[in-house]
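# Chains, contacts and geometry: an overview
These are the residues of each chain, in order.
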Amino acid sequence: MDTINETFLLIAFFLYLLSTILFSVSVTGRKWRDKEGDMTGNRWGTLGFITAIAGFVFALGYFITRWVEAGRAPVSNMFEYMTFLGIALSFAFLIIYAIYKTNVLGMFTMPVVMLIIAYASIFPSEIEPLIPSLQSNWLKIHVTTTAIGQGILSIGFAAGLIYLIRTLDFTKRDKKVFWPVSGFRK
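Residues numbered from 1 in each chain as written. Predicted model: local features only at pLDDT ≥ 70, side-chain atom pairs only at ≥ 80, totals over all residues. Heavy atoms only, no water.

## Overview of the nonpolar core
Condition: Think of a nonpolar core as a cluster: buried Ala, Val, Leu, Ile, Met, Phe, Trp, Tyr and Cys residues, connected wherever their side-chain atoms sit within 4.5 Å. Buried, partly exposed and exposed residues are distinguished by accessible area as a fraction of the type maximum, computed with a 1.4 Å probe on protein chains only: under 20%, between the cut-offs, and over 50%, respectively. Secondary structure follows DSSP: runs of H or I at least 4 residues long count as helices, runs of E at least 2 residues long count as strands, and numbering of each begins at the N terminus. Contacts are residue-level and defined by heavy atoms, with any inter-residue pair within 4.5 Å sufficient.
Judged by nonpolar contacts, the single largest core of 38 residues is most densely connected at Y16, F93 and M110. Broken down by secondary-structure element, the contributors of at least two residues to this core are helix 1 (4-28), helix 2 (43-70), helix 3 (78-100), helix 4 (103-120) and helix 5 (137-167). Top element by residues in this core is helix 3. It accounts for eleven residues. With residues near it in sequence (within four places) discarded, M110 still touches Y16, S19, T20, F23, A52, S90 and F93.

## A short note on unusual backbone geometry
Not every positive phi belongs to a glycine, and K101 is a case in point at roughly 50 degrees. Locating K101 in the fold gives a position in the loop between helix 3 and helix 4. K101 sits in the exposed class, given a relative accessible area of 57%.

## As for a nonpolar patch on the surface
Threshold: Patches in this entry comprise residues that are over 30% relatively accessible and not in a salt bridge; like charges within 9 Å are linked, as are nonpolar side chains (Val, Leu, Ile, Met, Phe, Trp, Tyr) within 5 Å. Reported accessibility uses the Shrake-Rupley method at a 1.4 Å probe radius. Residues are deemed covered only where the shown protein chains occlude them. Basic side-chain nitrogens of Lys or Arg form a salt bridge, by our definition, when they fall within 4 Å of a carboxyl oxygen of Asp or Glu.
A cluster of nonpolar side chains, F108, F157, L161, Y163, L164, I165, L168 and F170, forms an exposed patch at the surface whose accessible area comes to about 860 Å². On the accessibility criterion, I165 (45% relative accessible area) is partly exposed.

The analysis is restricted to geometry; functional conclusions fall outside its scope.
Structure representation (structure tokens):
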């Protein structure tokens with residue numbers, strides 16, 4: 001590791017891995033009981049959330065130190081964009097989890113964040129100067145807004161998928177599909 005920002009990103013990656021494990025245990029494992037034998041809630045999910053916050057803090061540390069080192073917003077090449085997309089996805093997850101406290105969402109989201117960061121590592125990570133046509137404030141505005149929007153929409157997709165999996169009854173034998181357009185019934 002050459003720079004501190006790469007160290008921050010590596011620490012964030014492993015914290016996201018730990019968060020994935022903790023959320024998986026919270027969904028598939030047993031609940032903790034208090035002295036009377038009553039369920040006290042699922043502390044594994046809380047630990048997963050705290051670990052995800054720590055991972056986000058280190059990822060944000062990566063982003064800030066990379067910005068300082070490069071002298072520009074670190075969103076100009078594929079490595080920087082993919083890591084920022086992972087940061088945006090984890091930020092959107094933290095907001096949604098703080099509202100709904102759904103451990104299943106963490107079990108689906110944290111591995112995706114890890115995969116995005118791992119995928120970013122296959123691209124060259126060297127900091128290079130921008131070409132003149134990219135030296136505009138619009139680059140910072142456009143790319144960061146796009147990545148944040150993609151992160152939020154990805155969380156919405158995961159939440160919708162989880163909702164469908166939980167609410168659809170897969171035991172029914174009736175496989176007829178209703179299409180909203182008349183004449184398209186199977």
